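Coordinate analysis (summary)
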Amino acid sequence: MLEPIEYMREALALARLGLGYTTPNPAVGCVLVKDGRIVGKGYHHQAGTPHAEVWALREAGEAANGATAYVTLEPCSHYGRTLPCAKTLAEHGIAKVYMAMLDPNPLVAGKGAAILRQAGIPVEIGLLSGEAAQLNEVFIKNMLVEKPFIAVKLAQSLDGCTASRTGRSQWITNDWARSHGHYLRSTYDAILVGIHTVETDNPLLTSRIRRDDHDAPHQPIRVVLDTKGRIPLKSLVVTDKTTTTIVVTTFLCPVEKMRALKRAGVKILLAPLHDGKCVDLPAALNLLYREEGIRSILVEGGSTIHGSFFDHKLVDKVYAFIGNKVIGGAKATTAVGGMGVDSLDECMTLTYENAEIHDGNILITAYNAEREGTYVHWNH
């Protein structure tokens, strides 16, 4: 017989299958256990579809009566596009519920646990809460501060360069790094680059990896920051219809160019101008969140765009892919440009989460130690 922690790990593994597909909802997994064996499993596949608990109950059938439920997030208590899961669990005779964490959504926030307890069902909260909070770090930030979660992906040499002095950049990292990058794209709502990246590389900016239990990868919305409307109408992000492209621009973009982009199926978002030079980044992110419903963004821009995000201290998470090369040279392109800092005490402090080596490349995952909208803020 497995321990409760093992069943919760299984529920978390199920929940990860929904990452990227469930926006604006959280990714949730559920495992039902009776007499020492799993009788039902489920996860939330997509917003508007049945929740994890419902799939698990369907699989369990009559065996759900008297079973113990392991859920990665507090079962919902409100009527939305689906029925309240807390009430549904009670109606099916669930004997006990383990939940990894409470739901920071004000519509739930302890109410689901209360419904279960009122029905006489014992509830235990906090089993693998740290893992559960990391899984839904996007949803937690959205709920607490109503801002998008921002991750920056760096692909650089050991000495922090993204291109040589002549602009050559293919390939600094290996096949594994590029494949994992496509997986990351499929877990975020949007992928963001600057106009220089579009003009220089003409990228497609889609996810090209098939994930378990899904017929096709979740495609992120493409976001291009383009202050003056320089984006070529023949660029792939304009002509390819695999996913939506949003160009964030300003009044410096010619009206006719905006019209041409709209005719090509591109969405235009007008943002304020910062210092008379470029898109006001915080304002643009707010527009993407409020008007386009974008809850998470993977930034894959060039040095200038990366620098802007770090300069504004907008970064929540960093994925640093480090190739097994040293480029060198004072004129090589660095991974993070922008203004930078004057003194080291101004640096954004990082909390390293993980470091792994794959085929001679390193992936370091880190967080902004002072980022807002975390589970710590909610839990206390």
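About the thresholds
Residues numbered from 1 in each chain as written. Predicted model: local features only at pLDDT ≥ 70, side-chain atom pairs only at ≥ 80, totals over all residues. Heavy atoms only, no water. UniProt positions renumbered as here; feature names shortened; annotations may be inferred. Buried < 20%, exposed > 50% of the residue type's maximum accessible area, 1.4 Å probe, protein only. Helix = DSSP H or I, 4+ residues; strand = E, 2+ residues; numbered from the N terminus. Contact = heavy atoms within 4.5 Å. Salt bridge = Lys/Arg side-chain N within 4 Å of Asp/Glu carboxyl O. Domains from an automatic or database assignment. Buried area = accessible area lost by both parts, 1.4 Å probe. Core = buried A, V, L, I, M, F, W, Y, C linked by side-chain atoms within 4.5 Å.

Points about the UniProt feature "binding site: Zn(2+)" (unreviewed entry) in the protein
As recorded in UniProt, the feature "binding site: Zn(2+)" (unreviewed entry) lies at His 51, Cys 76 and Cys 85. For this annotated set, covering 35 residues, all C-alpha atoms fall within 9.1 Å of each other, a compact arrangement in space. On the basis of relative accessible area, His 51 is assigned to the buried category, the value being 18%. Along the chain, the position of Cys 76 falls in the loop between strand E3 (68-71) and helix H3 (85-91). Those residues in contact with Cys 76, other than ones at most four positions away along the chain, are His 51, Leu 83, Pro 84, Cys 85, Ala 86 and Val 108.

Things to note about the pattern of salt bridges
Taken as a whole and assessed by the stated rule, the structure comprises 15 salt bridges. The partner of Glu 10 in a salt bridge is Lys 41, and the shortest N-O contact between them spans 3.5 Å. Here Glu 10 is found in helix H1 (residues 4-16), whereas its partner Lys 41 is found in strand E2 (residues 37-43), with 31 residues between them in sequence. Salt bridges sharing partners connect three or more residues here, namely Lys 153, Arg 185 and Glu 300.

A word on the domain arrangement of the protein
Assigned domains within the protein: domain 1 (4-138) and domain 2 (146-368). Between the C-alpha centres of domain 1 and domain 2 there is a distance of 34 Å. Residue-level contacts link 13 residues of domain 1 with 18 residues of domain 2. Here domain 1 meets domain 2 over a buried area of about 1,200 Å², counting both sides, of which 48% is carbon and sulfur. The largest contributions to the domain 1 side of the interface with domain 2 come from Tyr 21, Glu 137 and Val 138, which together make up 44% of the buried area. Inspection of the region where domain 1 meets domain 2 yields 1 salt bridge.

Overview of the UniProt feature "active site" (unreviewed entry) in the protein
According to UniProt, the feature "active site" (unreviewed entry) maps to Glu 53 in the numbering used here. Exposure remark for Glu 53: the relative accessible area of 4% places this residue in the buried category. Non-local contacts of Glu 53, meaning those with residues more than four positions away in its chain, are made with Cys 30, Val 71, Leu 73, Pro 75, Cys 85 and Leu 89.

Concerning the nonpolar core
Within the largest apolar cluster, 45 residues are counted, with the highest numbers of intra-cluster contacts made by Met 8, Leu 32, Tyr 70, Ile 94, Val 97, Met 101 and Leu 116. In terms of residue count, H1 provides more of this core than any other element does, 6 residues in total. Sequence-distant contacts of Val 97, defined by excluding residues within four places in its chain, comprise Ala 69, Val 71, Leu 89, Leu 116, Ile 121, Pro 122, Val 123 and Glu 124. Counting residues in hydrophobic clusters, the runner-up holds 29 residues, among them Ile 150, Leu 154, Leu 269 and Ala 284.

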